[in-house]
Amino acid sequence: MKTIPVSWTSASARRMERQGLLTPATTAETPPADIAGRMLGAHAQVASAAELSIALRLDGATRTDVRDALTGGQEPARGRGQAPRPEPEPGTLVKTFGPRGTIHLLPAQDLPWWTGALSALPTLPSPFRPEARMTAAQTDEVIAAIGDALTDAELTVDELTEAIVERTGPWAADPVMPAFQTMWPRWRQATHAAAHHGVLAFGRDRGRKVTYTNPRCTPASPTRSLHELVNRYLRAYGPATADDFATWLAAPKAWAAELFASLAQKGSIEEVAFASGRAWLAAGDTVFPDEPARGLRLLPYFDAYVVAGRPRELLFPGAAATRALAGGQAGNYPVLLVDGTVAGVWHQRRTGRRIAFTVEPVGRLSAAHRRTLDEQVERTGAMLEGTPELTLGKVTVGPHA
């Protein structure tokens with residue numbers, strides 16, 4: 001069978017088209033959760049970046065639309081001892097620990113297969129000292145305690161620690177985990193595992209405090225879930241290699257190679273020629289746009305298009321790699337995207353409603369791109385519900401500032 005060749009130009013155009021980066025989707029027909037699904041989650045370590053990642057793919061959307069999809073439009077959570085509140089309507093988005101163990105916004109309806117896949121990933125070696133680690137039995141005990149404590153509740157870390165200790169014992173609260181110039185309780189080693197088992201997700205913020213809740217999700221079949229994840233990943237970011245998938249997921253490369261080999265044997269994925277090598281697509285998903293990607297976009301921190309996009313040398317060509325990658329890692333800088341490739345960095349500083357945008361191209365912008373940049377800054381300001389001001393010049397802050 002002849003191997004289909006796929007060019008970088010075609011691949012980048014299809015990735016952008018499928019994510020609404022070429023033409024934003026219609027808000028009335030496409031809810032924020034659908035966009036998050038197409039992206040395979042919006043990285044939400046920086047909440048405002050996740051809101052912008054989703055909103056910029058929707059025509060006329062703002063950060064409030066994304067927040068409402070997450071909270072169901074409900075008021076902030078109340079603490080213990082406060083007046084009871086109405087039972088909240090569930091949001092269509094869930095904030096939880098997704099790929100790479102990082103915080104993501106995921107569609108609520110996709111949570112069963114997401115947790116089914118994530119809970120099936122190989123267990124990586126513990127980074128903690130032997131005396132700080134939990135045994136497998138202790139981890140199971142903590143996960144069960146978390147699920148019980150968070151059912152019909154939204155608890156802060158301190159409240160959850162107290163509830164876990166009540167159900168397990170004082171060992172769970174031993175301050176043995178170094179974190180941010182302090183020490184976290186032992187049980188927090190199981191936070192990601194609890195999320196991947198479907199018993200922990202983020203609740204509504206209580207003032208400046210984060211809360212957790214139980215999304216009551218039963219993980220789907222691990223095998224079917226992993227196949228679903230590969231299928232969706234390749235449809236969103238293919239062509240891609242097993243190594244690309246492993247890096248995106250923070251999973252062992254040997255394990256990913258075995259998974260892809262099994263799917264190839266079943267005919268679920270097919271090989272193509274891409275970027276001077278071989279890569280994979282979902283079986284039968286071989287249609288690509290005839291025209292290259294055109295246009296300019298401002299992508300926020302850790303936008304899915306750049307985090308998952310590979311090969312890096314084609315997505316970040318020439319000087320863009322030096323300026324926009326941090327130790328080879330994508331996402332630490334918000335990027336200027338021109339015709340499907342990274343062409344600079346940008347930063348925004350907010351003072352009240354005023355938002356000062358600084359955009360630093362790595363090359364010269366054409367007159368058409370300069371006009372589009374003005375439009376994109378105006379649109380980004382509207383999404384962030386502020387008044388934008390643009391300066392072309394050097395971005396002086398470091399990565400993830």
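Residues numbered from 1 in each chain as written. Predicted model: local features only at pLDDT ≥ 70, side-chain atom pairs only at ≥ 80, totals over all residues. Heavy atoms only, no water.

J.: What am I meant to see in the overall build of the protein here?
T.: Helices and strands together make up the secondary structure of the protein, namely 15 helices and 17 strands. Expressed along its principal axes, the backbone C-alpha trace of the protein runs to roughly 65 × 55 × 40 Å. The burial tally for the protein puts 51% of its 401 residues in the buried class. By sequence separation, contacts in the protein at least 24 residues apart represent 65% of the contacts at least 6 residues apart. Summed over its atoms, the accessible surface of the protein is roughly 18,400 Å², and 52% of this surface lies on carbon and sulfur atoms. One finds the centroid of the 43 positive side-chain charges in the protein at a distance of 5 Å from the centroid of its 41 negative side-chain charges. (Helix = DSSP H or I, 4+ residues; strand = E, 2+ residues; numbered from the N terminus. Buried < 20%, exposed > 50% of the residue type's maximum accessible area, 1.4 Å probe, protein only. Contact = heavy atoms within 4.5 Å. Areas by Shrake-Rupley, 256 points an atom, 1.4 Å probe, with all protein chains shown as cover. Lys, Arg positive; Asp, Glu negative; His and termini not counted. Charge placed at Lys NZ, Arg CZ, Asp CG, Glu CD.)

J.: Please clarify how the pattern of salt bridges should be interpreted in this entry.
T.: Should the charged atoms of two oppositely charged side chains come close, the side chains can pair. This model, assessed by the stated rule, comprises 21 salt bridges. For Arg14, the salt bridge is made with Asp285, and the minimal N-O distance between the two is 3.4 Å. Taken together, the positions of Arg14 in helix α1 (residues 8-19) and Asp285 in the loop between β12 (277-282) and β13 (296-299) put the pair 271 residues apart, joining distant regions of the chain. Taking relative accessible area as the criterion, Arg14 reaches 2% and is therefore assigned buried. (Salt bridge = Lys/Arg side-chain N within 4 Å of Asp/Glu carboxyl O.)

J.: What's the story with the nonpolar core in this structure? I'm lost.
T.: In a soluble, globular protein the nonpolar side chains are often hidden away together inside. Formed by 119 residues in total, the largest nonpolar core has its most connected members in Ile54 and Phe245. Those residues in contact with Ile54 that lie beyond four places of it in its chain are Pro32, Ile35, Ala36, Met39, Ala42, Val66, Leu93 and Leu105. (Core = buried A, V, L, I, M, F, W, Y, C linked by side-chain atoms within 4.5 Å.)

J.: Can you help me understand helix α7 (residues 157-167) in this one?
T.: Along an α-helix, residues three or four positions apart point the same way, because every turn accommodates 3.6 residues. For α7, the complete set of buried residues consists of Val157, Glu159, Leu160, Thr161, Ala163 and Ile164. Structurally, α7 contributes buried residues whose contacts are with α6 (136-150), β8 (182-185) and β10 (212-213). Positive backbone phi, at 150°, marks Gly169, one or two positions downstream of α7.

J.: Teacher, can you tell me more about the sheet that holds strand β1 (residues 4-6) here?
T.: Remark on secondary structure: sheet strands pair via backbone hydrogen bonds, oriented parallel or antiparallel. Read from one edge to the other, the open sheet built from three strands follows the order β1-β11-β12, with strand pairing classed as mixed. Since the sheet does not close on itself, it has two edges, and those belong to β1 and β12, each with one partner. Strand-to-strand twist across the sheet, computed as the mean angle between neighbouring axes with direction ignored, equals 50°. Relative to strand β11 (residues 269-274), β1 runs parallel, the two being bridged by three bridges. Along β11, the bridge assignment pairs Pro5 with Ala273. (Pairing = 2+ DSSP bridges. Axes fitted to C-alpha atoms, helices over the stretch in contact; angles between N-to-C directions.)

J.: Is there a simple way to think about unusual backbone geometry in this case?
T.: In most cases, non-glycine residues show a negative phi, while peptide bonds are predominantly trans. A cis amide bond, omega 0°, links Gly238 with the succeeding residue Pro239. Residue Arg310 is joined to Pro311 through a cis peptide bond whose omega torsion reads 10°. Within the secondary structure, Pro311 sits in the loop between α12 (304-308) and α13 (312-315). Residue Leu40 is not a glycine yet carries a positive backbone phi of 60°. Looking at the element boundaries, Leu40 is found in the loop between α2 (32-39) and β3 (42-43). Residues other than glycine seldom take positive phi values, yet Arg216 does so here, at roughly 55°.

J.: Can you walk me through the packing of helix α9 (residues 222-237) against helix α11 (residues 253-266) in this structure?
T.: For any two helices packed against each other, one specifies the crossing angle of their axes together with the interaxial distance. Axis separation between α9 and α11 bottoms out at 11 Å; the angle between their running directions is 85°. Between α9 and α11, the angle falls in the class roughly perpendicular. Facing Leu226, His227, Val230 and Leu234 of α9, the residues of α11 in contact are Trp255, Leu259, Phe260, Leu263 and Lys266. Per-class residue counts for the contact of α9 with α11 are seven nonpolar, one polar and one charged. (Parallel < 35°, antiparallel > 145°, perpendicular 65-115°, else oblique. Nonpolar A, V, L, I, M, F, W, Y, C, P; charged D, E, K, R; others polar.)

J.: When you look at the sheet that holds strand β14 (residues 335-338) in this model, what are you seeing that I'm missing?
T.: If you trace the five strands from one edge of the open sheet to the other, you get β13-β14-β15-β16-β17, paired in mixed fashion. Sheet topology places β13 and β17 (387-392) at the edges, where each strand pairs with a single neighbour. Averaged over all adjacent pairs, the angle separating strand axes in this sheet is 30°, with direction ignored. In this sheet, strand β15 (residues 341-351) lies alongside β14 in antiparallel orientation, the contact comprising four bridges. The residue of β15 that forms the bridge with Val338 is Thr341.

J.: Help me out: how do you make sense of the packing of aromatic side chains in this one?
T.: Aromatic ring pairs are defined here through the distance separating the ring centres and the angle between the ring planes. Summed over all chains, the structure comprises 10 aromatic pairs. Geometrically, the ring pair formed by Phe97 and Phe202 is tilted, given 5.4 Å between the ring centres and 45° between the ring planes. Of the two residues, Phe97 sits in strand β5 (residues 93-97) while Phe202 sits in strand β9 (residues 201-202), which places them 105 residues apart along the sequence. Taken together, Trp113, Trp114, Tyr233, Tyr237, Phe245, Trp248 and Phe260 form an aromatic cluster joined through their ring pairs. The ring of Phe288 has Arg14 sitting right over it, with the charged end atom 4.0 Å from the ring centre. Taking the ring centre of Phe202 as reference, the NZ or CZ of Lys95 above it sits at 5.1 Å. (Phe/Tyr/Trp six-rings, centres within 6.5 Å; stacked < 30°, edge-to-face > 60°. Lys NZ or Arg CZ within 6 Å of the ring centre and 35° of its normal.)

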